[in-house]
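An overview of the molecular structure
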Amino acid sequence: MGRAAGSGVRAVLVLAAVVTACTPPQLDRADARRTTRPPTKAPLTSPGFPPTAGVAREQLARLTVAWGKNWQTYKRSEFGDGWSDDTDAPGGRNGCDTRDDVLRRDLKDLREGDRNPCVVLSGTLKDPYTGKALPYSYRRASQIQTDHVVALGAAWRAGAWAWTPERRLTYANDLDVLLAADKDTNHVKSSQTPDKWKPPRKEYWCEYGRRWTGIKAKYELTVTAPEKLALQDLLATCG
């Protein structure tokens, strides 16, 4: 090998070493979670939500009454693939997973991650539907689920079938639509409307009616006639 060729090889080796030194090592998933940027201080609920009982009654009076449509075409995937921070809903684009936002908002005695405060390490939920005190730990199975108050299936029947995919993704990740709740009770609730299911804890009926009506008004969803009567009954408990 000539002197020129040898010099060329050495130059290539030096360049490769420099490139290798400048390339950051791959992070494992745990490291990636720890180095995620901290959440912004964006509010985790819309101003004035849920509406007062008086405002909710006015909203309810303006909602379109109609029977649900296209129930047979509903698919969860129509509302996006899991949680997304990439929406303009409350909590959107704040650097945190939607479920973590719900836990950070709804749990008490909250302990967040040191390096990534998006991650909730522990806390306690007073379940709105039953009144149970439910502990939460990041590394243990939990009795807490994230509930869409007006379930995706119910929203679909009430008009979401005609929305764009972007609007459905926003709805699915809107913190105004979501609550941390007891898993078993959430399963029983499923996608039922208030004429078919109400929270076992009657003390929550007023707020449940306010939330349900506020969501329907915010997204211009329809209500069935029995659903409207049930919402009137719920709002009547507000005094």
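Residues numbered from 1 in each chain as written. Predicted model: local features only at pLDDT ≥ 70, side-chain atom pairs only at ≥ 80, totals over all residues. Heavy atoms only, no water.

Looking now at helix α8 (residues 205–218). Here α8 contains 14 residues, and its C-alpha end-to-end distance of 20 Å stays within 8% of the 20 Å for a straight helix at 1.5 Å per residue. Of all 14 residues in α8, 10 are buried; the element is thus mostly enclosed. All buried positions along α8 are accounted for by Cys 206, Tyr 208, Gly 209, Arg 210, Arg 211, Trp 212, Thr 213, Gly 214, Ile 215 and Lys 216. Residues of α8 that are buried make contact with α3 (53–62), α6 (165–172), β5 (178–182), α7 (183–189) and α9 (225–236). Residue Glu 220 follows α8 closely and has a positive phi angle near 55 degrees. (Helix = DSSP H or I, 4+ residues; strand = E, 2+ residues; numbered from the N terminus. Expected span 1.5 Å × (residues − 1). Buried < 20%, exposed > 50% of the residue type's maximum accessible area, 1.4 Å probe, protein only. Contact = heavy atoms within 4.5 Å.)

Moving on: the packing of aromatic side chains. Scanning the model with the defined rule gives 13 aromatic pairs in all. Following the ring pairs from residue to residue traces out a cluster consisting of Tyr 74, Phe 79, Trp 156, Trp 163, Tyr 171 and Tyr 219. When the ring centre of Trp 163 is taken as origin, the NZ or CZ atom of Arg 167, which lies over that ring, is 4.9 Å away. (Phe/Tyr/Trp six-rings, centres within 6.5 Å; stacked < 30°, edge-to-face > 60°. Lys NZ or Arg CZ within 6 Å of the ring centre and 35° of its normal.)

Another point: α6. Within the span of α6, buried status applies to Arg 168, Tyr 171 and Ala 172. End-on, the buried residues of α6 take up no more than an arc of 95 degrees, which puts them together on one face. Against the buried residues of α6 lie β4 (144–148), α5 (152–157), β5 and α8. (Arc of directions from axis to C-beta.)

By the element assignment, Arg 211 lies in helix α8. Within the local environment of Arg 211, its side chain forms a polar contact with the side chain of Tyr 204, the two groups lying 3.3 Å apart. Look past the residues within four positions of Arg 211 in its chain and what remains in contact with it is Phe 49, Pro 50, Asp 176, Leu 179 and Tyr 204. (Polar contact = N/O pair within 3.5 Å; in protein donor to acceptor, adjacent residues only side chain to side chain.)

With that settled, consider the pairing of β5. Counting buried positions along β5 gives 5 out of 5 residues, so the element sits mostly inside the fold. Of the pairings in the sheet, the one linking β4 to β5 comprises 5 bridges and is antiparallel in character. Looking at β5, one finds that Ile 144 is bridged to Asp 182. (Pairing = 2+ DSSP bridges.)

With that out of the way, let us pick up the sheet that holds strand β1 (residues 108–112). Here we have 3 strands laid out as an open sheet, ordered β1-β2-β3, and antiparallel in their pairing. Each end of this open sheet is capped by a strand with a single partner; those strands are β1 and β3 (133–137). This sheet shows a mean twist of 10 degrees between the axes of neighbouring strands, independent of strand direction. Bridge analysis of β1 against strand β2 (residues 120–126) gives 3 bridges, and the strand direction is antiparallel. Residue pairing for β2: Lys 108 is matched across the bridge by Thr 124. (Axes fitted to C-alpha atoms, helices over the stretch in contact; angles between N-to-C directions.)

All told, the structure shown has 2 disulfides when counted by the stated rule. Two residues, Cys 96 and Cys 118, share a disulfide whose sulfurs are 2.0 Å apart. Measuring handedness by torsion sign, the sulfur bridge of Cys 96 and Cys 118 sits at about -80 degrees and is left-handed. Here the residue Cys 96 occupies a position in the loop between α3 and α4 (98–106), and Cys 118 occupies one in the loop between β1 and β2, the gap between them amounting to 22 residues. What makes Cys 96 buried here is its relative accessible area of 2%. Residue classification places Cys 118 among the buried residues on the basis of a relative accessible area of 3%. What pairs with Cys 206 in a disulfide is Cys 238, and their sulfur atoms sit 2.0 Å apart. Linking Cys 206 and Cys 238, the disulfide has an S-S dihedral of approximately 105 degrees and is accordingly described as right-handed. Here the residue Cys 206 occupies a position in helix α8, and Cys 238 occupies one in the segment after α9, the gap between them amounting to 32 residues. Taken in N- to C-terminal order, the disulfide-linked cysteines of the chain are connected 1-2, 3-4. (Disulfide = S-S within 2.5 Å.)

Keep in mind these values describe shape, not function.
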